Amino acid sequence: MAAYEATLEYAHSQDQTDILFPFRERFLFPQHQGRDVIYFCGNSLGLQPKSVEYLMNCELRDWAKYGVEGHFRAGYPWVSYHRIFSERLAKIVGAGKDEVVAMNTLTVNLHLLMLSFYRPTEKRFKILMEAGAFPSDQYAVETQVRMHGFDPEEAIVEITPSEGRHTIEDIDIINGIKEVGDHLALVILGGVNYYTGQFFDLEAITKAAHSVGAYCGYDLAHAVGNIPLKLHDWNVDFACWCSYKYLNSGPGGVGGVYIHERYGNDPTFLRLAGWWGNEEKTRFKMEKGFIPQKGAASWQMSNAPVFNMVAHNASLDIYDKAGMQALREKSIRLTGYMEFLLKQITHLDFQIITPEEPSRRGCQLSLLFGENGRDIFEFLTECGVIADWREPNVIRIAPVPLYNTFEDCYRFYELLMATGKNDEM
Ligand SMILES: *Cc1c(COP(=O)(O)O)cnc(C)c1O
């Protein structure tokens, strides 16, 4: 592999030989002064696939044309709409197709899964998580603990980065799990931390959790579609994610869950039920007595929100064509290039707090600024860069392999180089 170069010619040459380059054409880019913005915010809200409009119109047409009969006669019959995602989602997260289902939204699913997997007893009631988890996850865990009559102060064990560091060592999590031991009911972590971009060793952490008799589940909001996963082989108990970040399925788009088949196929394993999770052949008999269907789909409660799933269908098609492996290969090079360029910049006060090893991160880099980070962020915004600001002083950028280019990285670098030389910044 040739070494990187900080020139536009080099960036162009990389784009020209990139087999995924044509995928950019499948997305709609916000415009800034007549050209595409430099969009580095796919970790927050992915771009709209051009095919969404057509697919949305198909559903509107089928609804108009068939009314209630659309449940069976629509192009994608609504009665089984959730099933069109299973195979494609299974490939993205590394699971059997019955181990995944698209339903609800992320925090809701986190609660539903915790109702099944967090069943504290007087002795075993603790939950281990990372310090600085996404607030929604913190609130979910805190209120679940209270709901069961425990004190969050006592029940929640947080693993923090060691003194002077920004990221957490996997070994510290594993040691933490062993320390809590018999008292540990559940480990719940963000697979990729939203703030630092750190990817955890999910296999080793799962193994450690199981070794003390605890369940282990992950919030994969920042991992899904970003890093190839092998949830089944890693023996993960459960996971959930949203689809509007890397999966480009639109604001508030349908979430997804993974539940290992040993629970999904065990009808005695407790879950809160609705009619859509019931076995299909008796669903419309409208009788007493919930009989769960096979797999994760039995956690479904309501019938599928079709209009909230159309973009998911469009986007998963694109993922399927690109392939997670090819995306990951490009991602490592693209983020590596961004990192290389950032390291050429010596006149600005910032450091990259995302781990350096590609195996410990996805595409996102988090830049922690010492001072005037906010001014730099605003300057970038005025120049047509869409990045993301996190208090107190972090700019997150996510070069996404589906639609970002080496040229995007170079242009971003060029703008940062200009900031020092422009007093009006
Ligand atoms: C984005 C994100 C969420 C958002 O939750 P919603 O229920 O989809 O609003 C939750 N957790 C993490 C870790 C996230 O990154």
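Values in this document were obtained by computation on a predicted structure and should not be read as measured data. (Residues numbered from 1 in each chain as written. Predicted model: local features only at pLDDT ≥ 70, side-chain atom pairs only at ≥ 80, totals over all residues. Heavy atoms only, no water.)

J.: It is not clear to me how the site of the ligand should be interpreted in this structure. Could you clarify?
T.: All residues adjacent to the ligand are L106, T107, F134, D137, D219, A221, H222, Y244 and K245. D219 has a polar side-chain atom sitting 2.9 Å from a nitrogen atom of the ligand. Taken by itself the ligand offers 390 Å² of open surface, and the protein chains cover 82% of this. Taken together, the residues of the shell around the ligand break down into 4 nonpolar, 2 polar and 3 charged. (Near = heavy atom within 4 Å. Polar contact = N/O pair within 3.5 Å; in protein donor to acceptor, adjacent residues only side chain to side chain. Areas by Shrake-Rupley, 256 points an atom, 1.4 Å probe, with all protein chains shown as cover. Nonpolar A, V, L, I, M, F, W, Y, C, P; charged D, E, K, R; others polar.)

J.: What is the right way to look at the sheet that holds strand β17 (residues 394-397) in this model?
T.: Either a parallel or an antiparallel arrangement is found when strands of a sheet pair, and the pairing is made through backbone hydrogen bonds. Read from one edge of the open sheet, 4 strands run β13-β14-β17-β16, paired in antiparallel fashion. A strand with exactly one partner marks an edge of an open sheet, and here the two such strands are β13 (350-352) and β16 (388-390). Each strand of the sheet is rotated relative to its neighbour by a mean of 25°, with strand direction disregarded. Sheet analysis places β16 next to β17, joined by 3 bridges and oriented antiparallel. Note that in β17 the partner of D388 across the bridge is R396. Sitting on the sheet, helix α13 (residues 324-343) is in contact with β13, β14 (365-369) and β17, with an inclination near 20° to β14. (Pairing = 2+ DSSP bridges. Helix = DSSP H or I, 4+ residues; strand = E, 2+ residues; numbered from the N terminus. Axes fitted to C-alpha atoms, helices over the stretch in contact; angles between N-to-C directions. Contact = heavy atoms within 4.5 Å.)

J.: What should I look at first to understand the nonpolar core in this one?
T.: Buried together is how nonpolar side chains tend to be arranged in soluble globular proteins. Of all hydrophobic cores here, the largest spans 73 residues; its most connected members are I205, L231, W241 and L402. The element best represented in this core is helix α12 (residues 310-322), accounting for 7 residues. Formed jointly, this core draws a minimum of three residues from each of two domains, domain 1 (8-49 + 324-418) and domain 2 (56-320). Ranked by size, the runner-up nonpolar core spans 33 residues in total, among them L8, I345, I397 and Y413. (Core = buried A, V, L, I, M, F, W, Y, C linked by side-chain atoms within 4.5 Å. Buried < 20%, exposed > 50% of the residue type's maximum accessible area, 1.4 Å probe, protein only. Domains from an automatic or database assignment.)

J.: Teacher, can you tell me more about the packing of aromatic side chains here?
T.: Working definition: an aromatic ring pair is given by the centre-to-centre distance plus the angle between the planes. According to the stated counting rule, one finds 28 aromatic pairs in the structure shown. Plain terms: the ring middles of F117 and F238 are 4.6 Å apart, the flat faces sit at 25° to each other, and that makes the pair stacked. Highlighted residues: F117 in helix α5 (residues 106-117) and F238 in strand β11 (residues 238-241), separated in sequence by 121 residues. Taken together, the aromatic side chains of F117, Y215, F238, Y263, F269 and W299 make up a single cluster linked through ring pairs. Sitting over the ring of F134, K245 keeps its end group 5.1 Å from the ring centre. Positioned above the aromatic ring of W299, the side-chain terminus of R271 is 4.2 Å from the ring centre. (Phe/Tyr/Trp six-rings, centres within 6.5 Å; stacked < 30°, edge-to-face > 60°. Lys NZ or Arg CZ within 6 Å of the ring centre and 35° of its normal.)

J.: Just to check I follow, could you spell out the pattern of salt bridges for this structure?
T.: Close approach of charged atoms lets side chains of opposite charge pair. All chains considered together, the criterion is met by 25 salt bridges. With a shortest N-O distance of 2.7 Å, K330 and D18 are connected by a salt bridge. Linking K330 in helix α13 with D18 in the loop between α1 (8-16) and β1 (27-28), this pair joins segments that are 312 residues apart in sequence. A salt bridge links R374 to E378, with the shortest nitrogen-to-oxygen separation between them at 3.0 Å. Here E378 and R374 lie together in helix α14 (residues 373-382), a separation of 4 residues that amounts to about one turn. (Salt bridge = Lys/Arg side-chain N within 4 Å of Asp/Glu carboxyl O.)

J.: Sorry if this is basic, but what is going on with the domain arrangement of the chain here?
T.: Put simply, an interface is often sized by how much accessible area is lost when its parts join up. Segmenting the chain into domains produces domain 1 (8-49 + 324-418) and domain 2 (56-320). Summarising the inter-unit geometry, the C-alpha centres of domain 1 and domain 2 are found 28 Å apart. Between domain 1 and domain 2, the residue contacts involve 35 residues of the former and 26 residues of the latter. Taken as a group, M324, I353 and R360 account for 27% of the area that domain 1 buries against domain 2, more than any other trio of residues on that side. (Buried area = accessible area lost by both parts, 1.4 Å probe.)

J.: I would appreciate a short explanation of the sheet that holds strand β6 (residues 100-102) in the present structure.
T.: With respect to topology, 7 strands assemble into an open sheet ordered β6-β12-β11-β10-β9-β7-β8, the strand pairing being mixed. With one partner strand each, in any of the chains shown, β6 and β8 (156-159) form the two edges of the open sheet. The average undirected angle you get between the axes of adjacent strands in this sheet is 15°. Against the sheet, helix α6 (residues 135-147) makes contact with β7 (126-130), β8, β9 (184-190) and β10 (215-219), and its axis sits at roughly 170° relative to β7, the strand it touches most. Across the sheet, helix α9 (residues 202-211) is in contact with β9 and β10; its angle to β10 comes to roughly 150°.

J.: Would you explain the side chain of S116 in this entry?
T.: With respect to the helices, strands and loops of the structure, S116 is situated in helix α5. Judged by its relative accessible area of 2%, S116 is buried. At 3.0 Å, the side chain of S116 and the side chain of W299 are in polar contact.

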